[in-house]
Amino acid sequence: MSTGNSENTAKNWAYLGILALVWGSSFILIKRGLVIFSPGEVGAYRVVAAATFLLPLSLPRVRHLNATQIQNLILVGLVGSFIPAFLFAKAQTQLSSSLTSVLNALTPLFVVLVGWIFFGSRITRQNLIGLGIAFLGVIFLVMAKEGVGFGAFSDINAYAFFVILACTCYGFNLNLIKFRFVELKPIEITAISLLMVLPVALIYLMMGTQFSYKLANIDGAWKAFGYITLLGIMGTSLALILFNMLVKTASPVFASSVTYLIPIVAIIWGVWDGEVLLWGHYLGFAAVIFGVWVGNRKK
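It should be emphasised that the depicted structure is a prediction, and the values quoted were computed from it without experimental measurement.

Draft legend 1. Main features of the environment of Leu128. You can see Leu128 is positioned in helix α7 (residues 125-143). Between the C-alpha atom of Leu128 and that of Val294, which follows or precedes it by 166 residues, the distance is 9.3 Å.

Structural data, given as structure tokens:
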């Protein structure tokens, strides 16, 4: 029995480490894609790559769905994948990958907040304290600028709000999955919801952007294309499948601890790539992570 438990523990830690590495690397991949492509092109192709990779899972299952399930899956596809893909790409035109990853760690608190406001979930004093601490950290992060310390309120980097809006979308997404889906598996929800938004992403990419032109005519475009493909397949499709496997074999609390590891990986990538971090950033990082921990820890 103990041998089996040890094997499961080792497997869970391996899943956690791989997941943190994959999701933590997503931000540097977005940054690499933005060297050539616009935020809209990065966001749309990320969805296309992820949805295409999961077609063998989604196509056989979609014909068994009823109209209500399809409507809900379209909504999940929009708020869980499509809209955040555009928002993160837009944010990283003016934010470092390190800063974006830390702001993304607010997602668990937005799950609680959105559930309380729109779905009637219970919110505790502990949740509110955690939100307060985390948002104090956000203030430090968006006001710390190179050469001006914390700056003034007029110096707030408004692009941080694109990430906060993406976290809000994730909050809606996870509550929709919790309250509107009981008969579908998480992997099925992920695959089919991506299929629902695939046509919109393809039409936008082919008709509303210069994506094809850049691939054919701009040096370095295929390299950037490869980075976004990796982002879609690894950072969206495989990572979600791996996360679902982790939730099955470990506790939800253990699985959610990936939230704290993702920024560490992303910051390492960012510093390696030459991003400058001020002491105000580190203070903000600490406050956000501590706030998320306080707001989600189990008594």
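Draft legend 2. Molecular detail of helix α2 (residues 39-53). If you check α2, its first and last C-alpha atoms are 21 Å apart, about what 15 residues at 1.5 Å a residue would give, namely 21 Å. Buried residues dominate α2, accounting for 13 of its 15 residues.

Draft legend 3. Looking closely at the packing of aromatic side chains. Within the structure shown, the criterion is met by 18 aromatic pairs. Look at Tyr282 and Phe285: their rings are 6.0 Å apart centre to centre, the planes differ by 80°, and that puts the pair in the edge-to-face class. Of this pair, Tyr282 and Phe285 both sit in helix α14 (residues 279-296), separated by three residues, roughly a single helical turn. Take Phe285: its relative accessible area is 6%, and that puts it in the buried class. Put simply, the rings of Phe37, Tyr45, Phe211, Trp222 and Phe225 touch in pairs and so form one group of aromatic residues.

Draft legend 4. Molecular detail of the environment of Arg180. Take Arg180: it is sitting in helix α8 (residues 160-180). The partly exposed category is assigned to Arg180, whose relative accessible area is 42%. For the pair formed by Arg180 and Leu73, sequence separation is 107 residues and the distance between their alpha carbons is 9.6 Å. In this view, Arg180 contacts Asn72 and Leu75; residues no more than four positions away in its chain are not counted.

Draft legend 5. View of the pattern of salt bridges. The full count for this structure, using the stated rule, is five salt bridges. The salt bridge partner of Lys31 is Glu275, with a shortest N-O separation of 2.9 Å. In this pair, Lys31 sits in helix α1 (residues 2-33) while Glu275 sits in the loop between α13 (258-272) and α14, placing the two residues 244 residues apart along the sequence. Using a relative accessible area of 24% as the deciding quantity, one classes Lys31 as partly exposed.

Draft legend 6. View of the packing of α2 against helix α4 (residues 67-91). Contact geometry for α2 and α4: axes closest at 8 Å, N-to-C directions at 145°. Crossing of α2 against α4: the hand is right-handed. Side by side, α2 and α4 meet where Pro39, Gly40, Val42, Gly43, Ala44, Arg46 and Val47 of the first sit next to Ser81, Phe82, Ala85, Phe86, Ala89 and Lys90 of the second. A class-by-class count of the residues in the contact of α2 with α4 yields eight nonpolar, three polar and two charged.

Draft legend 7. Fine view of the side chain of Ser58. If you trace the backbone, Ser58 turns up in helix α3 (residues 55-62). Ser58 gets classed as buried once you look at its relative accessible area, which sits at 0%. In contact with Ser58, not counting residues within four places along its chain, are Ala191, Ile192 and Leu195.

Draft legend 8. Main features of the state of the cysteines. Enumeration over the complete set of coordinates arrives at zero disulfides. Left without a disulfide partner, Cys167 is nearest to the cysteine sulfur of Cys169, which lies 9.2 Å away. Note on Cys167: relative accessible area 0%, which makes it buried.

Draft legend 9. The arrangement of a nonpolar patch on the surface in detail. A cluster of nonpolar residues, Phe53, Leu230, Met234 and Leu238, forms a patch on the protein surface that exposes about 310 Å² of accessible area. No other element matches the three residues that helix α11 (residues 221-249) contributes to the nonpolar patch.

Draft legend 10. Up close: the packing of helix α5 (residues 97-104) against α8. Contact pair α5 / α8: the axes reach a minimum separation of 9 Å and the direction vectors enclose 35°. For the pair α5 and α8, the crossing hand works out as right-handed. Between α5, through Thr100, Leu103 and Asn104, and α8, the contact on the second element is made entirely by Ala160, Val163, Cys167 and Tyr170. A class-by-class count of the residues in the contact of α5 with α8 yields five nonpolar, two polar and no charged.

Draft legend 11. A look at the nonpolar core. Membership of the largest hydrophobic core comes to 91 residues, with the highest contact counts inside it found for Phe37, Tyr45, Leu73, Leu103, Leu106 and Val288. Apart from the residues within four sequence positions on either side, Phe37 is in contact with Val42, Phe211, Lys214, Leu215, Ala221, Ala224, Phe225 and Ile228.

Draft legend 12. Highlighting the confidence of the model for the protein chain. A residue-level look at the protein chain finds 90% of positions with pLDDT of 70 or above and a mean pLDDT of 86. Of all helices and strands in the protein chain, the one with the weakest mean pLDDT is helix α12 (residues 252-256) (65), whereas α2 scores best (97). Confidence over residues 146-155 falls short of pLDDT 50; this stretch has 15 contacts with residues more than four positions distant or in other chains.

Analysis parameters
- Residues numbered from 1 in each chain as written.
- Predicted model: local features only at pLDDT ≥ 70, side-chain atom pairs only at ≥ 80, totals over all residues.
- Heavy atoms only, no water.
- Helix = DSSP H or I, 4+ residues; strand = E, 2+ residues; numbered from the N terminus.
- Expected span 1.5 Å × (residues − 1).
- Buried < 20%, exposed > 50% of the residue type's maximum accessible area, 1.4 Å probe, protein only.
- Phe/Tyr/Trp six-rings, centres within 6.5 Å; stacked < 30°, edge-to-face > 60°.
- Contact = heavy atoms within 4.5 Å.
- Salt bridge = Lys/Arg side-chain N within 4 Å of Asp/Glu carboxyl O.
- Axes fitted to C-alpha atoms, helices over the stretch in contact; angles between N-to-C directions.
- Left-handed = near helix turned anticlockwise from the far one by under 90°.
- Nonpolar A, V, L, I, M, F, W, Y, C, P; charged D, E, K, R; others polar.
- Disulfide = S-S within 2.5 Å.
- Patch = residues over 30% accessible without salt bridge, like charges linked within 9 Å, V, L, I, M, F, W, Y side chains within 5 Å.
- Areas by Shrake-Rupley, 256 points an atom, 1.4 Å probe, with all protein chains shown as cover.
- Core = buried A, V, L, I, M, F, W, Y, C linked by side-chain atoms within 4.5 Å.
- pLDDT = per-residue confidence, 0-100.

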